[in-house]
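Residues per chain, in single letters:
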Amino acid sequence: MKKAAVIVFALLIFINGLLLTFQFHVFSDKVDNEQQTFKYNQVIDIVHRGNQLIVTQTFTDLPESNVIISWPEKIKNKKCVKDAKGKTEKCDRMDQTLTQFKEGTSTTQKLQYVIPLAKGGIQSRTLLANKFLTLKHGVVSHTQLHISDEERIGGQWFTGLPRVATRSLALTDYSYYQGTGAVYELYWQKTPLKKAFTNDRATVYGGGEMTQQLQDAFVKAIDSNPNHVDVIHAEQAKNGVRIMFAKSIHSNQLPGYVAVNVIKQKYTFSGSDWLPTVVASILDDSVYGATKTRAMVNTLYDYMSESQLKAWKAQLQKLEGKKVTNDVLDQTLSESLDATTSYFAMNGASKGLAPLLFEDGRSVYVNDVQQKNMRIILKDGRVLYAATPLFDTLGYTAKTGKNGYYVKNAKQSYRFPMTSAFYVFNNKRYDIASQPFEVVNGQYYVEEAWLIRLFGADIQKLDERIDINISDEALK
């Protein structure tokens, strides 16, 4: 008996140990995956010497915990930086692999690396993107950036930060920038540009001041952007995060262009190419984009109440940093309206403008078989059922023909001219007061009352489902 008790006790200890080990690993993984972000400041010193940029990056206000370093691609001569006395306290937390700052009490660390340039040196209108060090889980609060151009190539440097000063010194040309947030790219062009507009959110560079009307629209467009951006009048194919290029700085389309590019940095879009424009328009209380996009946004403004619009904006703001698709926008819009809609999915599938329609979100069963593709929409006070999946289930062939819309099975033949007040059943004409079918966004729908009258449907509606039953006798 004692032996059995000992065995059971030992088994319990073993199982408990396994559970503790499992819980430890799960907790450790969760901590690693959900590690809290930290904020830090940085100073970036850039020296343009020969065919390279020598970058010294100083991090301050670092946490005392371990910090992973993300190095840019295609850089050289990575190292820590010694002070004038040869000490390395600014890199005392650097591990041997140069991939992390180890745990420690020093909150300032300094690293240096080289960005190689082309053999002929930096070319005018060159955008160098993703060339600066970043720290995993780190968020930059403030950046100071210094550029010392020993080659004295002139021109103008842009960083996306507000430019504080430029000086031509004895041995170098010097520029100084500072502002909130990180720096993502560096841009240089030979021809200097004057400021056409500037405030704490953006500076526009180009010829001639912007009109007051355009300035007001521009200020509204960048109001939600927390960090300063540079907008440069130039023919450039690709924008940066904080540096954007505009073919014209005097066009009325400039505010929308900049607002959409700001939004593209905050969200990951997948789907219709007008999705960023819709999101930018709603968040800015504006109407941007081409004819279709503007019509879509205006339709929403006309329908939604102030409280609904406010609720939807809050939903969109929560999506920052996440993937945004047509379906995601439909889901957030449906929740804000407390009604199901596929407005964005329908417009994504249509070249023209699809209307704002609402759907019955309940599951649909036809003769006790659930229909995954069945759609029921509410339009102009009418309940409409998607015709194709319904008739396919019932054994009918439904298609558009020369003289209208045809619905047939082995013994029944219907023709609906669609433009005249009658239909033909088995070669006999019947006059009608309204059309049984309606085309919505290129798809045919049958009205509920006509589905009952013409096809003998028995429709039962419960809280969670809709049952459509049509007897075999009605199909003969």
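The preceding data block contains the structure.
Residues numbered from 1 in each chain as written. Predicted model: local features only at pLDDT ≥ 70, side-chain atom pairs only at ≥ 80, totals over all residues. Heavy atoms only, no water.

Overview of the sheet that holds strand 2 (residues 52-60)
Quick note on the threshold: Pairing between strands is defined by DSSP: at least two bridges between them are needed. The helix and strand labels rest on DSSP assignments: H or I over at least four residues marks a helix, E over at least two residues marks a strand, and numbering proceeds from the N terminus. Every axis corresponds to a line fitted to the C-alpha atoms, with the helix fit spanning only the stretch in contact, and the corresponding angles, defined between N-to-C directions, vary from 0 to 180 degrees.
Pairing within the open sheet is mixed, and its seven strands lie in the order 4-6-2-1-9-12-11. Lying at the two open borders of the sheet, with one neighbouring strand each, are strand 4 (76-80) and strand 11 (163-168). The average undirected angle you get between the axes of adjacent strands in this sheet is 15°. Here strand 2 runs beside strand 6 (residues 109-116); their pairing, made up of eight bridges, is antiparallel. Within strand 6, the residue paired with Gln-52 across the bridge is Pro-116.

Here we look at the side chain of Thr-58
So the rule is basically this: Each residue gets one of three labels from its accessible area relative to the maximum for its type: buried under 20%, exposed over 50%, partly exposed in between, using a 1.4 Å probe on protein chains only. In what follows, residue pairs with any heavy atoms lying within 4.5 Å of each other are defined as contacts.
Along the polypeptide, Thr-58 turns up in strand 2. Using a relative accessible area of 10% as the deciding quantity, one classes Thr-58 as buried. Look past the residues within four positions of Thr-58 in its chain and what remains in contact with it is Asn-41, Gln-42, Val-43, Thr-108, Gln-109 and Lys-110.

Here we look at the pattern of salt bridges
Quick note on the threshold: A pairing counts as a salt bridge when a side-chain nitrogen of Lys or Arg comes within 4 Å of a carboxyl oxygen of Asp or Glu.
Summed over the entire model, instances satisfying the criterion amount to twelve salt bridges. The partner of Lys-379 in a salt bridge is Glu-438, and the shortest N-O contact between them spans 2.7 Å. Taken together, the residues Lys-379 in strand 23 (residues 376-379) and Glu-438 in strand 30 (residues 437-440) connect sequence positions 59 residues apart. Between Arg-429 and Asp-431 there is a salt bridge whose closest N-O contact spans 3.4 Å.

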